[in-house]
Amino acid sequence: MSNQFDLVIEPGKGIKQYWCDIWQYRGLFYFLAWRDILVRYKQTVIGIAWSVIRPFLTMVVLTVIFGKLAKFPSEGIPYPILVFAAMLPWQMFANGLSESSNSLIVNANMLSKVYFPRLIVPTSAVIVSLVDFLISFALLGILMVWYQFVPGWRLVTLPFFLLLALVAALGSGIWLAALNVKYRDFRYIVPFMVQFGLYISPVGFSSSVVPGRWRLLYSLNPMVGVIDGFRWAILGGDLQLYMPGFLLSVGLSLLIFGFGLAYFRRTERTFADVI
């Protein structure tokens, strides 16, 4: 007598099953993140020092332009520290956005040959930017010692603003990654967006220089709230958060993340065919 049984194959389209799949493939996530870290600094002469040199040189340029030539106010804080405290979240956002938006194209062979939750690829690219952040944060500590600047109790709130920066980078990154699969023009658009965003975000200057009637409109840039939050947490002193603008930036970051995730989930089943 032969035993008969039914084999049921579930597509795993439910959101609960999808997150379970991501957890099961966490080993792949670790592998991709570690591979990207090694590739970034492989065969470079000075290695991870590039994570310090790039933001440091950018800080010097912005300090000269906005602090020395334009003579923007620094809220009583040494201008290099004011700029570098903003460079930390901006560099993490810019690197995460750039790497994640191209991540699916770079891993095209993997996508077309084996199944795994595609969300792992851009997410691992964003996490790599966190390594650069931690290295650059050490340089900020050196600057504070040099200028004899001591942060206050607000520093304990920094992880919240760091999480907000990661949400903004991941939300934008996964949305652009999905668009980049179908419309390859975005690989040229993203570098322009990052370069332009540096100058419209309050990196080289304090957002307090923006006239009051425009500050809420200016906060439609999600990075405004993130950067102001970093400065508030790290620099303390008389710096105050513009709460209406900050809440708007937080809401927009969450909205972009939700929209990006929904769009990615809706289109990822076609990635292997289109890419």
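These numbers come from a predicted model, not from an experiment. (Residues numbered from 1 in each chain as written. Predicted model: local features only at pLDDT ≥ 70, side-chain atom pairs only at ≥ 80, totals over all residues. Heavy atoms only, no water.)

**A closer look at the overall build of the protein**
Our working rule: In DSSP terms, a helix is any run of H or I states spanning at least four residues, a strand is any run of E spanning at least two, and both are numbered starting from the N terminus. Burial classes: relative accessible area under 20% of the type maximum marks a residue as buried, over 50% as exposed, and values in between as partly exposed (1.4 Å probe, protein chains only). Should any heavy atoms of two residues lie within 4.5 Å, those residues are counted as being in contact.
A count of helices and strands for the protein gives 12 helices and zero strands. Taken from N to C terminus, the helices and strands of the protein fall in the order α-α-α-α-α-α-α-α-α-α-α-α. When its C-alpha atoms are laid out on the principal axes, the protein stretches across 85 × 45 × 40 Å. Counting only residues that meet the buried cut, the protein has 49% of its 275 residues in that class. Sequence-distant contacts, at least 24 apart, represent 81% of the contacts inside the protein between residues at least 6 apart.

**Digging into helix α11 (residues 243-267)**
Let me state the cut-off plainly: The length a helix should cover is 1.5 Å for every residue beyond the first.
Compared with an ideal rise of 1.5 Å per residue, which puts 25 residues at 36 Å, α11 spans 36 Å between its outermost C-alpha atoms and is within 8% of the ideal. For α11, the set of buried residues is G245, F246, S249, V250, L252, S253, G260, L261, Y263, F264, R265 and T267.

**Section: the packing of helix α3 (residues 50-69) against helix α4 (residues 79-106)**
Spelled out, the test is: To obtain each axis, a line is fitted to C-alpha atoms, and for helices this fit is confined to the stretch in contact; angles are then taken between N-to-C directions over 0 to 180 degrees. Angles are sorted into four bins: roughly parallel if under 35 degrees, roughly antiparallel if over 145, roughly perpendicular if 65 to 115, and oblique for all others. By the definition used in this description, the sense in which the near helix is turned from the far one sets the handedness, with an anticlockwise turn below a right angle giving left-handed and a clockwise turn giving right-handed. In this classification, the charged set is Asp, Glu, Lys and Arg, the nonpolar set is Ala, Val, Leu, Ile, Met, Phe, Trp, Tyr, Cys and Pro, and all remaining amino acids, among them Gly, are polar.
For the pair α3 and α4, the least separation of the axes is 9 Å and the interaxial angle reads 130 degrees. In terms of their interaxial angle, α3 and α4 are classed as oblique. Two packed elements cross with a definite hand, and for α3 against α4 that hand is right-handed. Here R54, P55, F56, T58, M59, L62, T63, F66 and G67 of α3 lie close against α4, whose contacting residues are Y79, P80, V83, F84, M87, Q91 and N95. Taken together, the residues of the contact of α3 with α4 break down into 10 nonpolar, five polar and one charged.

**Some words on unusual backbone geometry**
Here K71, not a glycine, exhibits a phi torsion of approximately 55 degrees, which is positive. For K71, the position within the fold is in the loop between α3 and α4. Of note in the backbone geometry, Q148 takes a positive phi value of approximately 55 degrees without being a glycine. In this fold, Q148 is placed in the loop between α6 (120-146) and α7 (158-182).

**Some words on the confidence of the model for the protein**
Test applied: Residue-level confidence of the predictor is what pLDDT reports, using numbers from 0 through 100.
Residue-level pLDDT values for the protein average 84, and 92% of them are 70 or greater. Note on residues 7-12: pLDDT under 50 across the span, and two contacts to partners over four residues away in sequence or across chains.

**Digging into a nonpolar patch on the surface**
Rules: Patch membership requires over 30% relative accessible area and the absence of a salt bridge. Like charges are linked within 9 Å, and nonpolar side chains (Val, Leu, Ile, Met, Phe, Trp, Tyr) within 5 Å. In these tables, accessible area is a Shrake-Rupley quantity obtained with a 1.4 Å probe, and a residue counts as shielded only by the protein chains included in the view. When a carboxyl oxygen of Asp or Glu lies within 4 Å of a side-chain nitrogen of Lys or Arg, that pair is called a salt bridge.
Together, F56, L57, V60, V61, V64, I65 and L69 line one region of the surface with nonpolar side chains, adding up to about 590 Å² of accessible area. Within the secondary structure, L69 sits in helix α3.

**Examining the pattern of salt bridges**
Within this structure, the stated rule accounts for three salt bridges. Where R54 meets D132, a salt bridge forms, and the shortest distance between an N and an O atom there is 3.9 Å. Here D132 lies in helix α6 and R54 lies in helix α3, a separation of 78 residues in the sequence. Relative accessible area serves as the criterion here: at 36%, R54 is assigned to the partly exposed category. Residue classification places D132 among the buried residues on the basis of a relative accessible area of 5%. Residue E268 pairs with R265 through a salt bridge whose shortest N-O separation is 3.2 Å. This pair shows no difference in class: E268 is buried, exactly as R265 is.

**Concerning the side chain of S206**
Position of S206 among the secondary structure elements: in the loop between α8 (186-200) and α9 (212-218). Residue S206 is classed as buried on the basis of its relative accessible area, which comes to 6%. Setting aside residues up to four positions removed in sequence, S206 forms contacts with E75, L82 and R231.

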